[in-house]
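Structure assessment
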Amino acid sequence: MIHSLFLINCSGDIFLEKHWKSVVSQSVCDYFFEAQEKAADVENVPPVISTPHHYLISIYRDKLFFVSVIQTEVPPLFVIEFLHRVADTFQDYFGECSEAAIKDNVVIVYELLEEMLDNGFPLATESNILKELIKPPTILRSVVNSITGSSNVGDTLPTGQLSNIPWRRAGVKYTNNEAYFDVVEEIDAIIDKSGSTVFAEIQGVIDACIKLSGMPDLSLSFMNPRLLDDVSFHPCIRFKRWESERVLSFIPPDGNFRLISYRVSSQNLVAIPVYVKHSISFKENSSCGRFDITIGPKQNMGKTIEGITVTVHMPKVVLNMNLTPTQGSYTFDPVTKVLAWDVGKITPQKLPSLKGLVNLQSGAPKPEENPSLNIQFKIQQLAISGLKVNRLDMYGEKYKPFKGVKYVTKAGKFQVRT
Amino acid sequence: MSSNSFAYNEQSGGGEAAELGQEATSTISPSGAFGLFSSDWKKNEDLKQMLESNKDSAKLDAMKRIVGMIAKGKNASELFPAVVKNVASKNIEIKKLVYVYLVRYAEEQQDLALLSISTFQRALKDPNQLIRASALRVLSSIRVPIIVPIMMLAIKEASADLSPYVRKNAAHAIQKLYSLDPEQKEMLIEVIEKLLKDKSTLVAGSVVMAFEEVCPDRIDLIHRNYRKLCNLLVDVEEWGQVVIIHMLTRYARTQFVSPWREDDGLEDNEKNFYESDDEEKEKSDKKRPYTMDPDHRLLIRNTKPLLQSRNAAVVMAVAQLYWHISPKSEAGVISKSLVRLLRSNREVQYIVLQNIATMSIQRKGMFEPYLKSFYVRSTDPTMIKTLKLEILTNLANEANISTLLREFQTYVKSQDKQFAAATIQTIGRCATSITEVTDTCLNGLVCLLSNRDEIVVAESVVVIKKLLQMQPAQHGEIIKHMAKLLDSITVPVARASILWLIGENCERVPKIAPDVLRKMAKTFTSEDDLVKLQILNLGAKLYLTNSKQTKLLTQYILNLGKYDQNYDIRDRTRFIRQLIVPNEKSGALSKYAKKIFLAQKPAPLLESPFKDRDHFQLGTLSHTLNIKASGYLELSNWPEVAPDPSVRNVEVIESAKEWTPVGKSKKEKPAKKFYSESEEEEAEEEESSDSSSDSEGESGSESGDTGSSSEDSSEDSSSGQESETGSEAEAEGKRAGKRNSRLKRKSDSEDGEKKNEKSKTSESSSAESSSMEESSSGSESASESDNEPVPRKVAQAKERKPQQERHPPPKDVFLLDLDDFNPVSTPVALPTPALSPSLIADLEGLNLSTSSSVINVSTPVFVPTKTHELLHRMSGKGLAAWYCFPRQPCIFGDKMVSVQITLKNTSDRKIENIHIGEKKLPVGMQMHVFHPIDSLEPEGSVTVSVGIDFCDSTQTACFQLCTKDDCFNVNIQPPVGELLLPVAMSEKDFKKERGMLTGMNETSATVIAAPQNFTPSMILQKVVNVANLGAVPSGQDNVHRFAAKTVHSGSLMLVTVELKEGSTAQLIINTEKTLIGSVLLRELKPVLSQG
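A brief look at the structure comes next. (Residues numbered from 1 in each chain as written. Chains lettered and ligands numbered in written order. Predicted model: local features only at pLDDT ≥ 70, side-chain atom pairs only at ≥ 80, totals over all residues. Heavy atoms only, no water.)

**Focus on the sheet that holds strand β15 (residues 288-297) of chain A**
Residues and elements named next belong to chain A.
- Read from one edge of the open sheet, four strands run β14-β15-β20-β17, paired in antiparallel fashion. Each of the sheet's edge strands pairs with one partner strand only, and the pair in question is β14 (274-282) and β17 (318-325). In this sheet, neighbouring strand axes are inclined to one another by 15 degrees on average, regardless of whether the strands run parallel or antiparallel.
- Here β17 runs beside strand β20 (residues 353-360); their pairing, made up of seven bridges, is antiparallel. Each bridged residue has a counterpart across the sheet, and for Val318 the counterpart in β20 is Leu360. (Pairing = 2+ DSSP bridges. Helix = DSSP H or I, 4+ residues; strand = E, 2+ residues; numbered from the N terminus. Axes fitted to C-alpha atoms, helices over the stretch in contact; angles between N-to-C directions.)

Given below as structure tokens:
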């Protein structure tokens, strides 16, 4: 399936290669570079490229390209999903998936890649298993290793791969047994010029951090499970239980993982927590325009909206912007034409606004479309869909775990057209 | 380009020297120490020294640097001799890195690589499964042709390994060996065949992958594993799921008839319009009622939960399966899941949108509810935007077009001009497909002509041209407007389009056309080739219609064209001149010049670029690229008549034989009947009960013959079709019959003795044995298909019937406990709404399924005499009762524990009518009561036995013991040790079973006691005193093993006592019933430790 993997950084250097079958020369990446050049923008590089002898399937993650070489027919999503899993693993191991981190830990990276694929077919991709095989680097361990000469490779052989629970390692022990769940909901919305909602839906995930000894068997139930329109599960969840009782029953992996992700359908009315008043205009035949936006709270369920940022991709003809914010600070990058306004919290008494003049390239025709505003915000302790965890029960172990649930609502792809 | 491909073809080109030079100056090596060494030669010398040192840390450091070099793509092959020496290193990390190195360079240094082979051969025999597996992995990854025979041998051995993990690696190794030496194909297919029968979820994905790579055309290997694969699917790891689903899609298309019908929904009319699939029409011809093959249904049902997978590839695989093989009315479920994937990364979005685009052409309805999910955001990458636009266009209809057009208006103004242009084309397509809005669209597009952006205008012109062509109505105004644009617009395509349009309509705009030609003649030389050609065309057309005004102009243009640099234009000029300018040489054609140039031209069809992709299987690389990728396996059309469905039937005995010596299968059979807990097992059994003649018997050429003949007969005679058409009714019957058949089988196992003898004889001839199987599996199998020697079978069935009638009482009892047992099981081969295997059920079931083959209940080693008080004589008003556990298999039901109750009358008068009154049993528990005792004389005592199904728990059974006048509440709480039945097994089997019950299924404790307590006899005595365990003969003095199974579910309970130095012992219990396991551990621990 996957023949080789090349990691390429933004400037086009191949800084790591790994082959699972016979070696494929680096020059195969030239086809990729060609496509990259044609695409102009990194976002537009086609994920699947056909070359005379191979096919290249690539992903773009954290300013790195993961380019895999394929020789025969394979579902492209299979490869894409796997490459993302590789990137996730690096992230998990090194805290970031960057060129520097990979170069610093090249031996671990190699060992990981060796374990994750055999002859191009995925072998062990569960982080619990991998961590048993290859210990992630920590500062303490690297110090100890350099003194004692011991290594990152696990001394004991993992049992997880052989048991019924391939996602959980055996012999987990904690002094404090804790289980935390983060319910994170993101609002995807398109708001049109007049402020009415064109499209809105809620995308949620429940991320878990489970630190429980032994083999706990958990079941998590909701007050209102019917809200969840479409759910995807971590493999640990017993599908049948969910189908019949709408209860999430599972033996969790150890550590952090994504339990479920769900969607609350657009049929249900989605509350939009903020509104934007905007007036952006460019004068005909003059080199300036006016820019004025104000943000205010709406349907915020009594919670404060915080962490607001507004990002605007201004038209190419904009040379500079001269604005004054009543709150927060703004930056305008004249090269990429991106205006970023870091607002912070909304206080209803004094609504934050950003006003001022826009300098345009003289002589150029005025832009015909006003830029759309991308808004980010965060509301703590609120799941906008109204989803509520009812209870968490644990079976199979004797101790009493500490349990916690946190809710947060964020803006996802939240766009206001002007 | 050419230099690229050149360098690329050369595997390791001459670039090395340059690279090495670079390296000398760089200090990128993992440890900083390198900067000291100036030359590459020296560096390698240094590494060699480090590798030869006897300190592990130095070696490790060296290996790390070498791996760093490999990772950068630098050549480290000259270190091969030094590295390969360390292959046998004790240090596990050095070893791993050496493996990495070996796999990379062995191909280049074949002779030296052979040095390492013996190490791997040794490791292949290691008792640790992980070491065996990794040895096989590396051995098979070394691409050295000389070792092919060794690899073959290793693969064969590993494929029969007890550890599923090793077998998984064997499956991977198959592909490696095949790519190294395709000659081995035949032998490898044998191994694949063997591994396909494996029941472990670990192996399934890998072996199907090997199958796809080595012999994807050998669909016959799948038949007998089909149902098993369907049932295992949910629990296979995600990557395996993708591969299996793709394979099963292909399989289903060859084995089942099409479920697509004419009246499947409104959509189909549309489909016929768009698509002219042959099978579609053929289907409409014959209108016979369609019923789905239960196996077809099984696949569709079992894949559905996977739509909920977190893995996009799995979701896509299920989606394409539904698309290609499910009835059209059911395919709708996939749209929701696919739309969910759109939240994912850009790459996933790209692939998913492509597939949705293809789907939405054929079936709009599926995605219409999600229309808004495809709205474009300004932050989407262009490739995503265009795909979304494509889908929006496909989804457009009369109802939503106004919303969509409003949305398109926003897109047209987008800063991304490429996208804006695509939107204009989209509007054009909507205008042609939905006649209601054609005028609106046209007006909108005309407005865009005054747009400032040239690309937008140009695109509008091109689209308007197409639209006008389709509607040759009066659009003179628009044409005039466009003629004016010629002055300003510079994009060649647009100019060409305008010229063409004017030429076509030159009679409608008689004044403008010559003027345009005049202008164009002026600029002819500086125009683009495309435009020049259209100028020539315009000239020709005008010459024909309005030669008075334009004759000279046209001739001028033709002269210019004659000397143009482009040969196309020169050719065209020559052609036009001959055709239109009358001269003596011009033939008959010139008469028709007007007809040729001004013929009615068919309007272009504005089509989706995804139109032609539907012949590729969705979700494949070929579909994405719209080119047939190498190794693409065509999805065949549905067969007219389904091939014989009975090839998928599986015999129980077959699978039991798999991993055990032949001699054993004899006694396994009865044991198997005891265990019908796990779903998989059940499936197996049901399959056998449905099973008609299993034509491909387990062995012998003779059975092969019958197989082929039966296939023929099913095709010739209509027996195959019969079972298909009538299958609905039959299915009902089968369901009802199922219970009976099970009963029969149970009773068969009761008089297992008899049957054993018979099966002993049956082994001599396989044909006979298969018919034996059938007869034992009940009479309804006869009804299903009758390709086999029918008369004999019927006769045998008859023979059996009276036998069953002779044993009515046990039958009754079975009915009882089967009743609560049946709903749990999912009848696998039948369509029922219930979803088949849930994760949990399978988690429990899987182990058992692989283990049950070697279990045989033995007699208890020891029967304790200890009695427990049930009712004290004081509280019982003279009636006293005790109970004890006789450790005998219960006669009332095989899930019950037999309990003996001794009743004694201590009073001085007769106690009458002693019976069990009201029972307060926990859920699931059952109790078989004793017959009421009419009277009990004073000082008399009587022993009765009852059976209680404790459901493998230590919950108390409360009930009332009643006499004629009184009722006493009593309860029985079973010690955990009594919930077991001893099992006899060999040490080997024990180890195998135990290997499968690790992880969460294992509990252990350390026991400390005086050494005299650890004599074998003491341990045996103590253990069996507490629990009804069977001793397993042990080859080691310090390890004692005991085995049992739980009474209710038949789960294995394996107890190991390992003596350690000093006075400690390790007590380990392996069982799936972890709860009982831990209780038993708690009870055994103090017993073993006390003196």
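**Things to note about the interface of chain B and chain A**
- At the interface, 114 residues of chain B touch 116 residues of chain A.
- Interface of chain B and chain A: buried area, both sides summed, is about 10,200 Å²; carbon and sulfur atoms make up 56% of it.
- Counting every contact that joins chain B to chain A gives ten salt bridges.
- Here Asp230 of chain A and Arg340 of chain B are joined by a salt bridge, their closest N and O atoms 3.2 Å apart.
- There are 36 residue pairs in polar contact (both at pLDDT 80 or more) connecting chain B and chain A.
- In terms of residue count, helix α4 (residues 56-72) of chain B provides more of the side of chain B that touches chain A than any other element does, eight residues in total. (Contact = heavy atoms within 4.5 Å. Buried area = accessible area lost by both parts, 1.4 Å probe. Salt bridge = Lys/Arg side-chain N within 4 Å of Asp/Glu carboxyl O. Polar contact = N/O pair within 3.5 Å; in protein donor to acceptor, adjacent residues only side chain to side chain.)

**Concerning a nonpolar patch on the surface**
- Where nonpolar side chains cluster on the molecular surface, the patch consists of Leu589, Tyr592 and Ile596 of chain B and spans about 300 Å² of accessible area.
- Among the structural elements, Leu589 of chain B can be located in the loop between α32 (567-580) and α33 (593-597). (Patch = residues over 30% accessible without salt bridge, like charges linked within 9 Å, V, L, I, M, F, W, Y side chains within 5 Å. Areas by Shrake-Rupley, 256 points an atom, 1.4 Å probe, with all protein chains shown as cover.)

**A few points about helix α7 (residues 110-123) of chain B**
All names here are of chain B.
- Over its 14 residues, α7 runs 20 Å from end to end, which matches the ideal 20 Å to within 8%, given 1.5 Å per residue.
- At Ser116, α7 shows its largest bend, some 30 degrees.
- Looking only at α7, the buried set comprises Ala113, Ser116, Ile117, Thr119, Phe120 and Ala123.
- If you follow the buried residues of α7, they end up packed against α5 (80-84), α6 (92-105), α8 (129-141) and α9 (148-159). (Expected span 1.5 Å × (residues − 1). Bend = angle between axes of the 7 residues up to and from the residue. Buried < 20%, exposed > 50% of the residue type's maximum accessible area, 1.4 Å probe, protein only.)

Take it as geometry only, folks, not as evidence of what the structure does.
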